[in-house]
2 protein chains.
Amino acid sequence: MKITPYEVEGQMDYNKIVKKFGLSLINKGLLGKMDKVPRMIENGYFFAHRDFDRIMQDYKKGQDFAIVSGRGPSQNIHLGHLIVYKLVKEMQDIFGCYVFMPFSDDEKFFAKDIGYKKAQEYSLENARDILALGFDPKKTEIFIDSMHMNPTLYNIAVRAAKKLTMSTVKAIYGFKNEHNIGLHFYPAMQTAHILYPTVKKGLPVLVPIGIDQDPHIRAARDVAFKMRLKKPASIESRFLPSLSGGGKMSASGMDTIYLNNGPKTVKNKVQNAFTGGRDTLGEQKQEGGEPEKCPLDKYMSVFFEQEGKTRKRRGKCRKGEIMCGECKNILMKDMNRFLKEHRKARQKVKIEDFVRD
Amino acid sequence: MKITPYEVEGQMDYNKIVKKFGLSLINKGLLGKMDKVPRMIENGYFFAHRDFDRIMQDYKKGQDFAIVSGRGPSQNIHLGHLIVYKLVKEMQDIFGCYVFMPFSDDEKFFAKDIGYKKAQEYSLENARDILALGFDPKKTEIFIDSMHMNPTLYNIAVRAAKKLTMSTVKAIYGFKNEHNIGLHFYPAMQTAHILYPTVKKGLPVLVPIGIDQDPHIRAARDVAFKMRLKKPASIESRFLPSLSGGGKMSASGMDTIYLNNGPKTVKNKVQNAFTGGRDTLGEQKQEGGEPEKCPLDKYMSVFFEQEGKTRKRRGKCRKGEIMCGECKNILMKDMNRFLKEHRKARQKVKIEDFVRD
């Protein structure tokens with residue numbers, strides 16, 4: 001099992017990771033204190049945290065919080081990328097929180113063989129895709145590094161950079177001397193993104209991330225402590241498997257559902273998905289299915305279903321009352337409905353409504 | 001002899017340095033092509049260059065150029081610091097060139113045990129001292145990193161950073177892994193300062209510097225080449241000795257003339273100066289003085305005198321017709337007159353006139 005911000009390999013033992021990283025589990029006690037539990041926390045997709053209990057306690061006492069949810073822009077954004085933003089949108093609806101969305105086209109340029117202009121274009125396109133989920137322009141700010149750099153953000157990066165030695169950064173990120181100096185400096189910029197709402201608006205920050213990104217949060221928390229700022233909290237998610245069952249949905253996977261995939265492409269990809277079903281229909285009816293092994297189950301439960309529906313479907317699957325073909329049909333329809341609506345919403349997004357001075 | 005951007009040690013052999021660094025001397029051929037020669041080039045204080053001949057040739061053909069002259073802000077600015085800006089001011093008067101003045105309080109903060117706010121204050125104070133020399137607000141722009149960071153400048157730094165590997169930066173600047181990541185990134189920011197007028201206004205850039213800063217110029221030229229921008233040109237100066245004869249005038253020297261030194265302090269410092277004069281008045285009259293050994297001679301010739309006057313004074317000194325006490329009196333009066341006028345001019349500077357959007 002290998003897990004760093006740049007690599008995820010092997011079968012995940014989430015309990016081991018939580019222990020190793022020093023995270024806490026989101027347990028019933030914590031859920032009980034929330035008036036309304038966002039769907040992706042309720043279903044256990046986001047399952048671990050740092051200081052999320054503090055954020056919720058303070059919120060109950062009237063202290064608003066901000067969510068920071070950034071993105072390294074990429075050419076093709078896929079369903080897997082949108083999941084975290086679905087959660088963020090739901091949390092904005094429930095808690096009214098300010099959402100800060102940085103787009104690190106600078107880091108993409110440093111890390112990849114890609115032009116800077118191209119990375120900026122991706123930022124704008126990705127922002128449009130994310131904002132199409134329906135964020136409140138009054139409470140949502142996008143920040144594209146190449147377009148919106150300002151003294152406030154730069155100065156947080158400067159203060160953070162002074163607290164980060166080259167040794168520390170090399171240890172966390174594994175950068176080599178052959179890499180460019182931009183890549184080595186970027187952790188300061190990322191920390192600045194995370195701390196921006198705290199510095200600019202005095203709001204405590206919550207960062208929802210995939211658990212593989214935890215080292216970034218640890219670094220940002222260390223630096224925040226040294227800068228005498230409130231440490232950012234996090235909620236951390238499992239990985240979503242690819243439709244073929246292995247690894248996480250990735251930009252390179254043939255089985256990845258991109259936002260610009262048409263109904264036929266989606267149909268093909270879902271039809272070819274791995275389900276963990278039995279060899280024959282007969283066996284499936286007799287022995288029942290194993291939803292815990294099924295990637296379709298994850299997409300349905302995390303992205304589309306409400307809790308009761310998931311429970312019901314899984315029960316039927318285990319008893320052999322529902323076949324994989326039916327689930328594929330349901331998921332395919334849900335995906336295509338979502339993608340169609342999303343493409344429509346996308347046209348109406350006015351990026352400038354989400355940019356602050 | 002040791003010469004890096006952070007250290008200057010031993011007796012300087014300027015011809016050796018010029019050869020080693022691959023610089024060209026500013027020779028009579030080049031001077032002959034200039035309609036008017038700025039005083040500090042005429043007197044040989046600025047004596048070496050890279051591509052200054054190209055800048056002058058193109059200027060004759062109608063191509064304007066910009067000067068970039070930045071400063072790492074410090075608490076007490078001294079006469080030695082102002083010298084380069086006297087040249088820049090004269091060149092603005094002669095050639096009408098645009099002057100871009102970056103103040104790197106970020107780098108000061110990275111490199112020294114100093115607060116960021118303090119470094120910003122120094123930037124503002126230093127800017128005031130420099131602008132008091134009479135720069136044209138229409139053709140002069142100051143840029144304090146902590147106050148004026150913008151996407152244009154940041155994006156040049158990003159593009160430069162991608163072209164600079166950590167190995168290169170470590171080799172040029174000698175940074176260690178114990179140093180913070182801000183210090184390691186700063187060369188990209190400095191390159192951005194140097195290339196700003198080229199990117200923003202399409203102007204070729206000339207950078208006047210002390211010859212110990214040449215490694216910065218070499219790095220910036222390499223990066224400019226890789227970015228397909230016109231390489232910045234430079235003119236490079238000798239060191240000015242301290243009044244006690246050793247090293248260069250420094251912020252720590254007891255013999256350093258600070259801009260806030262009153263007449264009595266200046267008098268004391270000049271009275272105690274080393275002159276290279278003979279042991280007794282009698283010997284001085286008989287054998288004559290040695291102006292080439294005398295720090296007073298440097299300050300008089302570089303800062304205060306016109307060419308004819310310098311020649312005359314040196315002649316008299318060599319013949320024993322003028323004693324060190326007289327020179328001390330002249331220099332002391334010149335310095336005090338300059339400092340008095342400068343303090344008056346300083347009050348009238350409106351920083352905001354020199355800030356662009």
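Look up a bit, the structure's there.
Here's what I pulled together on the structure shown here. The structure presented is a predicted model; accordingly, all values stated were derived computationally and were not measured.

**Quick word on the relation of the copies chain A and chain B**
Okay, step 1: The transform that puts chain A on chain B rotates by 180° and translates by 0.0 Å along the axis, for an RMSD of 0.0 Å. Seen this way, the second copy is the image of the first under a two-fold rotation axis.
Okay, step 2: Interface residue correspondence from chain A to chain B reaches 100%, placing this contact among same-surface, isologous pairings.

**Regarding the sheet that holds strand E3 (residues 24–25) of chain B**
Across a sheet, strands are paired by hydrogen bonds formed along the backbone, either parallel or antiparallel in direction.
All names here are of chain B.
Okay, step 1: One open sheet accounts for 7 strands, arranged E3-E4-E9-E8-E5-E6-E7; its pairing is mixed. Every other strand in the sheet has two partners, leaving E3 and strand E7 (140–144) as the edge strands with one partner each.
Okay, step 2: As defined by bridge partners, strand E6 (residues 98–103) adjoins E7 across 5 bridges and the pair is classed as parallel. When the bridges of E7 are listed, Phe103 appears paired with Ile144.
Okay, step 3: On the sheet, helix H1 (residues 14–21) packs against E3 and strand E4 (46–50) and is oriented at approximately 10° with respect to E4.

**Focus on the state of the cysteines**
Residues and elements named next belong to chain A.
Okay, step 1: Applying the stated criterion to the full structure yields 0 disulfides over all chains.
Okay, step 2: With no disulfide of its own, Cys317 has Cys327 as its nearest cysteine by sulfur position, at a separation of 6.2 Å.
Okay, step 3: Judged by relative accessible area, Cys327 falls into the buried class, the value being 10%.

**Some points on the pattern of salt bridges**
Okay, step 1: Under the definition given, this model contains 45 salt bridges over all chains.
Okay, step 2: Residue A:Asp297 pairs with A:Lys298 through a salt bridge whose shortest N-O separation is 3.4 Å.
Okay, step 3: Relative accessible area serves as the criterion here: at 23%, A:Lys298 is assigned to the partly exposed category.
Okay, step 4: Across the pair B:Arg313 and B:Asp297 runs a salt bridge, and its minimum N-O distance is 3.0 Å. Residue B:Arg313 is located in helix H16 (residues 307–318), and its partner B:Asp297 is located in helix H15 (residues 295–304); the two are separated by 16 residues in the primary sequence. The exposure classification of B:Arg313 matches that of B:Asp297, with both residues buried.
Okay, step 5: One network of salt bridges, with partners in common, ties together A:Asp297, A:Lys298, A:Glu305, A:Arg313 and A:Arg314.

**Section: the side chain of B:Asn180**
Okay, step 1: Its place among the elements puts B:Asn180 in the loop between helix H10 (166–173) and helix H11 (181–201).
Okay, step 2: Its relative accessible area of 8% is what places B:Asn180 among the buried residues.
Okay, step 3: Here the side chain of B:Asn180 touches B:Leu183 through a polar contact of 2.9 Å, landing on its backbone nitrogen.
Okay, step 4: If we ignore the near neighbours within four places in the chain, the residues touching B:Asn180 are A:Ala161, A:Lys162, A:Leu164, A:Thr165, A:Met166 and B:Phe110.

**Describing the sheet that holds strand E6 (residues 98–103) of chain A**
Okay, step 1: The 7 strands lie next to each other as E3-E4-E9-E8-E5-E6-E7 (chain A), forming an open sheet whose pairing is mixed. This sheet does not close on itself; its edge strands, each paired only once, are strand E3 (24–25) and strand E7 (140–144) of chain A.

**Focus on the pairing of strand E8 (residues 205–210) of chain A**
Residues and elements named next belong to chain A.
Okay, step 1: Within E8, 5 of the 6 residues are buried, which leaves the element mostly enclosed by the surrounding structure.
Okay, step 2: Bridging between E8 and strand E9 (residues 233–237) involves 5 bridges; their strand directions are parallel. Bridge pairing links Gly210 to Ser237 in E9.
Okay, step 3: Since E8 and E9 lie parallel, the crossover through helix H12 (residues 214–226) that links them has a hand, and here it is right-handed.

**Describing the interface of chain A and chain B**
Reports often express the size of an interface as the amount of accessible area lost when the parts come together.
Okay, step 1: Taken together, the contact between chain A and chain B spans 38 residues of the former and 38 residues of the latter.
Okay, step 2: Around 3,100 Å² of area is buried between chain A and chain B when both sides are counted, 66% of it from carbon and sulfur atoms.
Okay, step 3: The largest per-residue losses of area from chain A upon contact with chain B belong to A:Tyr154, A:Lys162 and A:Ile181, which jointly make up 25% of the total buried on that side.
Okay, step 4: At the junction of chain A with chain B, the criterion picks out 0 salt bridges.
Okay, step 5: The interface formed by chain A and chain B contains 19 residue pairs in polar contact (both at pLDDT 80 or more).
Okay, step 6: For the side of chain A that touches chain B, the secondary-structure elements that each account for two or more residues are helix H6 (105–111), helix H7 (116–131), helix H8 (145–148), helix H9 (151–163), helix H10 (166–173) and helix H11 (181–201) of chain A.

**A word on helix H4 (residues 52–60) of chain B**
All names here are of chain B.
Okay, step 1: Looking at H4, one finds that the buried residues are Phe52, Arg54, Ile55, Met56 and Asp58.
Okay, step 2: Where H4 is buried, its residues touch helix H2 (28–32), helix H3 (39–42), E4, helix H5 (79–95), strand E8 (205–210) and strand E9 (233–237).
Okay, step 3: One or two steps after H4, the chain reaches Gly62, where phi turns positive at roughly 100°.

**Some details on the packing of H10(A) against H11(A)**
Residue and element names in this part refer to chain A.
Okay, step 1: For the pair H10 and H11, interaxial distance at closest approach is 10 Å and the crossing angle is 90°. Here H10 is positioned roughly perpendicular relative to H11, judged by the angle of their axes. Across the interface between the two elements, Met166, Val169, Lys170 and Tyr173 from H10 touch His184, Pro187 and Gln190 from H11.
Okay, step 2: Here the contact of H10 with H11 is built from residues that sort into 4 nonpolar, 2 polar and 1 charged.

**Notes on the packing of aromatic side chains**
Okay, step 1: The full count for this structure, using the stated rule, is 31 aromatic pairs over all chains.
Okay, step 2: Both rings, one in A:Phe109 and one in A:Tyr116, keep their centres 4.9 Å apart while their planes meet at 35°; by these two values the pair is tilted.
Okay, step 3: By relative accessible area, A:Phe109 is classed as buried at 8%.
Okay, step 4: Among the aromatic residues, ring-to-ring pairing joins A:Tyr14, A:Phe47 and A:Phe239 into one connected group.
Okay, step 5: Lying over the aromatic face of A:Phe47, A:Arg238 brings its terminal NZ or CZ to 4.5 Å of the ring centre.
Okay, step 6: For B:Lys162, the ring lying beneath its charged end belongs to A:Phe109, and the centroid distance is 4.3 Å.

Conventions and cut-offs
Residues numbered from 1 in each chain as written. Chains lettered and ligands numbered in written order. Predicted model: local features only at pLDDT ≥ 70, side-chain atom pairs only at ≥ 80, totals over all residues. Heavy atoms only, no water. Least-squares fit on C-alpha atoms with pLDDT ≥ 70 in both. Contact = heavy atoms within 4.5 Å. Pairing = 2+ DSSP bridges. Helix = DSSP H or I, 4+ residues; strand = E, 2+ residues; numbered from the N terminus. Axes fitted to C-alpha atoms, helices over the stretch in contact; angles between N-to-C directions. Disulfide = S-S within 2.5 Å. Buried < 20%, exposed > 50% of the residue type's maximum accessible area, 1.4 Å probe, protein only. Salt bridge = Lys/Arg side-chain N within 4 Å of Asp/Glu carboxyl O. Polar contact = N/O pair within 3.5 Å; in protein donor to acceptor, adjacent residues only side chain to side chain. Right-handed = clockwise from strand over helix to strand, strands pointing away. Buried area = accessible area lost by both parts, 1.4 Å probe. Parallel < 35°, antiparallel > 145°, perpendicular 65-115°, else oblique. Nonpolar A, V, L, I, M, F, W, Y, C, P; charged D, E, K, R; others polar. Phe/Tyr/Trp six-rings, centres within 6.5 Å; stacked < 30°, edge-to-face > 60°. Lys NZ or Arg CZ within 6 Å of the ring centre and 35° of its normal.

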